[in-house]
Each structure stands twice: as C-alpha cells, then as structure tokens.
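Report on the structure
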Amino acid sequence: MIEQRWGMFFRWGPYVLLGFGTVMSVATSGVIGMSRDAWYVVGALIVAALALQLWWGPLARSRPGPSTAGIVYYALRWAIAFVLTWINPFFAFFAIVGYFGTERLLPPRLVKPGLFATAVIMAGSQSGGLPPHGDLGWAVFGALLAVNVALLTVFAHLAAQEDQRALDAAATIVELEHTNTALQQAMDENAALHAQLLVQAREAGVADERRRIAAEIHDTIAQGLTGIIAQLQVVAAASDETLAREHLGRAADLARHSLGEARRSVHNLSPTALEHDALPEALKKTVAEWSERTGVRGDFTVTGAAEPLHEEIEATLLRIVQEALSNATRHADAGRLGVTLSYMEGEVALDVRDDGRGFDPLDLVRRSGSGGFGLDGMRARAERVAGSFTVESEPGHGTALSARVPLVRHG
C-alpha cells in the first residue's frame, strides 16, 4: 500500500507541484516584479518541464532503478527548477521534488550531490530569491543552505535506520516462516509416527490375543476335554452303575466348566464393554461387577476432564484393569480395591491399588523368570501404545499397579 502511494506521488507529484508553483508565481508576479520577457521564459520552461515529465513517465515504469536516463531526467528537472526559482522563488514548490526518489534515479555516488543541488535551490528561495543581494543576503543564504544540508543529513540517517529496521524485520519474518515450516513438518512427522505406532500396537494386540487364546485353550478347554474323555473311558469300562453315574457327573461338570471357559475366551477377544459405553463408564461397570461377584469392596474414581480416547488406548486400559482384577481375585485376598483413571496434560494414568497380602516383586521375578501374575502381559499392553507400567508391592501391605499411556484423542 505504501509503495503504491509513493508510486502515485512520483508519477503525479511533479505536475501538481509545478501547477501550484505556477499559480503562486502568477499571484505574486507583481510583487516579485516579473517582466513580460520573464514570463516568456517561464512559459517555455513550464512547457519543457511538462514535456520532460511526459517523456519520463513511460521510462520510469521500465527503469525502476538508477540508470543513465534517470540521471538525465534528474539533471534536466533540476536545471528547469533552478531557472524557474531564480525568476520567481515560489517555483521552489516544483524544485522540492528533487528531495524525493533520489535513490530511484541516481546511482549511490550521485545521491548526495543531487540532494545538495536541490538544497541550493531551496535555500535560495527561502533567502528571498536568487541571486542573494549583498553580504547579508549571502550570509542568510549560506545559513539556510547549512540548515537544509543538516536536515538532509538527519533525515537521511533516520531513513537509513528505518530501512535497516525494515530489513531486520523482513529477515525475522523469513526466519519465523522457516521455523514455522520446520515445526509443521515436525508435527506432521509426529502425527505420522503416532499413526504408525497405533497401527503397530493394533497388529501386536491381535498377535497377543491370538497367543493368549491359544494358551487359554491349551490350559482350560483342552485340559477339560482331556478330563471328559478320561471320565467317559472310566464309564465305558465300569460295571458298577453308581460308579458310572459318578464319573458321568464329573464329565458333565467338566463339560460345563469348559463351555464357560470357551465363552469367557470369546468374550475377552474384544472389549465388548466399550461398544456402548465410554471408557470411564466401562471401567466403573467392570469394577462394580467384579465387586459384586467377589464380595470385595471396589471403588472407581475419575480425575481430570474425561474425553474420548483412541480405541486402541481405551482397549489397552480396559484390558489392564480386567487383568488386574483377575490377579486380585486369584492372589491378593484383598478386602478393598480401588481403581483411579486420571486424565492429564498429554497423558492418561491408570492406578489399581488393593490392601491384599502383597508380594515381593524381585522375589517373584527370581522364582518365575518373569513378572508373573499377568504383570508381563499388562506391561506389554502399556508399552505397545508407547506407555509405561510399574508395580509397587510389599508382603502384607498390598499392591499398587500404575499404567501411563499417551493421551491420544479419538479420531
């Protein structure tokens, strides 16, 4: 916008100032004492100035920087303004254009001489016209010329500082643009890595579920079927009807137990608790059902602002709670258990604490070669989604499990 305004001034300013100087000269011609011959010269110079501007207009658009044509234009314009101001000091209004756009017309080595030449015209006009009259006139002219040159020096210094600030601001803007671009690239890469991590977690979760179900089938259903076969073989070889009924009853019990285990395995294949409920509601129901089934007091607490999480994150936290409750049922002998879900800045924390018998984690590792009690599975689940899992326990003082996972929002 500023460049456009300056362009308008450089294009039309000389015409306007020449016209204003002419009007003022006509109005003061009687006071100045302009003769008919002087008006003939003024008229010729005004026509020459207009012709010069008309000649320079098209060239200015094709030569935006210093050039030979610019030097010729500036010199001729100065000469016309000098003679006009010599005849009538009010033509200094036209001469003042020499202060503006000098860097566009003249090479650096001629800028200061050009400004000084314009200051000569302005000082002559301010001192009462050229040439000065008497010693006092020359003294006034010299003083005014010094003032004009000083002002030019100050303004040139301020303009140089402003140009430097503009260059520094432009460099800062460019640097900020580069920084923003690099930051955006880093954010895009981080989002891509996050997506890749979740895909890997999902694939790892599928493989883990397959291994878990295979182990459960081997440990429960297959063993149950083996027991059923053994009981039926006894029945087939038994001659005593009472004994046969007894073994048939055992076989039926084993079949019902195996059916229950099969249903449980299928149920645990996918977190159906999350199909209709958000994670906090699903965990609350899970803890309540566990408490009702075991008779152990179970409390559930949510801290922070709950928000929908990525399905893999929610499934991971639900599975960890389910495994923790299963561990508590089999091993803790607790009287009270608490589950806390905490939404924090960039992280979700899950804490499970009970007041059961506890254990020595180091001793457990030495004896089993692993975390035992399903702890390795819980740790693996947390680590698959770039989380962490810690265990704190002491014999006789209960157990505290803590999982930390990234807060990855749904979608």
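Below you will find a few notes about this structure. (Residues numbered from 1 in each chain as written. Predicted model: local features only at pLDDT ≥ 70, side-chain atom pairs only at ≥ 80, totals over all residues. Heavy atoms only, no water.)

Concerning the side chain of N88
We count it as follows: Helix numbers and strand numbers start at the N terminus; a helix is a DSSP run of H or I with at least 4 residues, a strand a run of E with at least 2. We call a residue buried when its accessible area falls under 20% of the maximum for its residue type, exposed when it is over 50%, and partly exposed in between, using a 1.4 Å probe and counting protein chains only. Two N or O atoms count as a polar contact when they lie within 3.5 Å, although within protein this holds only if one can serve as hydrogen donor and the other as acceptor, and sequence-adjacent residues are included solely when both atoms are side-chain atoms. In what follows, a contact means two residues having at least one pair of non-hydrogen atoms within 4.5 Å.
Among the secondary structure elements, N88 is positioned in the loop between α3 (68-87) and α4 (92-95). Among the residues examined, N88 registers a relative accessible area of 0% and is labelled buried. Within the structure, N88 has its side chain in polar contact with the backbone oxygen of S25 (distance 3.5 Å). Those residues in contact with N88 that sit more than four places away from it in its chain are S25, T28, I32 and M34.

Here's the deal with the nonpolar core
Just so we agree on the cut-off: The nonpolar core is taken to be a set of buried Ala, Val, Leu, Ile, Met, Phe, Trp, Tyr and Cys residues, with the residues joined through side-chain atoms within 4.5 Å.
Formed by 39 residues in total, the largest nonpolar core has its most connected members in L279, L317, L341, L350 and F389. Residue assignment for this core shows that the elements contributing at least two residues are α9 (279-294), α10 (311-332), β2 (336-344), β3 (347-354), α12 (375-384), β4 (388-393) and β5 (399-406). When residues in this core are grouped by element, the largest group, 10 residues, is from α10. Residues contacting L341, with those up to four places away along its chain left out, are L279, P280, L283, F300, T301, V302, T303, L317, V348, A349 and L350. By size, the runner-up hydrophobic cluster in this structure holds 34 residues, among which are A38, I46, L52 and L115.

Let's talk about the pattern of salt bridges
Convention followed: One side-chain nitrogen of Lys or Arg within 4 Å of one carboxyl oxygen of Asp or Glu is enough to make a salt bridge.
Under the criterion given, the structure shown has eight salt bridges. Notably, a salt bridge pairs R336 with D299, separated by 3.4 Å at the nearest N-O pair. Of the two residues, R336 is situated in strand β2 and D299 in strand β1 (residues 297-303); the sequence distance between them amounts to 37 residues. When its relative accessible area of 42% is taken as the criterion, R336 is described as partly exposed. Where R330 meets E323, a salt bridge forms, and the shortest distance between an N and an O atom there is 4.0 Å. Owing to a relative accessible area of 47%, R330 belongs among the partly exposed residues under this scheme. What emerges from the salt-bridge pattern is a single network uniting R297, D299 and R336.

Topic: the packing of aromatic side chains
As a reminder, the rule being used: Two aromatic rings, drawn from Phe, Tyr or Trp (for Trp, its six-membered ring), form a pair once their centres lie within 6.5 Å of each other, and the interplanar angle then sorts them: stacked below 30 degrees, edge-to-face above 60, tilted otherwise.
In total, this model carries seven aromatic pairs according to the counting rule given. For the ring pair W55 and W56, a centre distance of 6.2 Å and an interplane angle of 45° mean the geometry is tilted. Ring plane angle 20° and centroid distance 5.1 Å describe the contact between W78 and F82, whose orientation is recorded as stacked. Here W78 and its partner F82 are both found in helix α3, four residues apart, which amounts to about one turn of the helix.

A word on α12
Every buried residue of α12 is listed here: L375, M378, R381, A382 and R384. One or two residues past the end of α12 sits A386, with phi positive at roughly 65°.

Remarks on unusual backbone geometry
Not every positive phi belongs to a glycine, and D333 is a case in point at roughly 55°. Looking at the element boundaries, D333 is found in the loop between α10 and β2. On the accessibility criterion, D333 (60% relative accessible area) is exposed. Of note, the phi angle at A386 is positive, near 65°, even though the residue is not glycine. With respect to the helices and strands, the residue A386 is situated in the loop between α12 and β4. On the basis of relative accessibility, which here comes to 44%, the residue A386 falls in the partly exposed class.

With respect to helix α2 (residues 36-62)
Think of an α-helix as turning once every 3.6 residues; residues three or four places apart then point the same way. We count it as follows: Expected span of a helix: the number of residues minus one, times 1.5 Å. Axes are fitted to the seven residues ending at a residue and to the seven starting at it; the angle between these axes is taken as the bend at that residue.
For α2, with 27 residues, the first-to-last C-alpha span of 40 Å sits near the 39 Å given by 1.5 Å per residue. In the structure, α2 departs most strongly from a straight axis at W56, where the bend amounts to approximately 30° and where the proline P58 lies between one and four residues downstream. Among all positions of α2, only A38, V42, L45, I46, A49, L52, Q53, W56 and L59 are buried.

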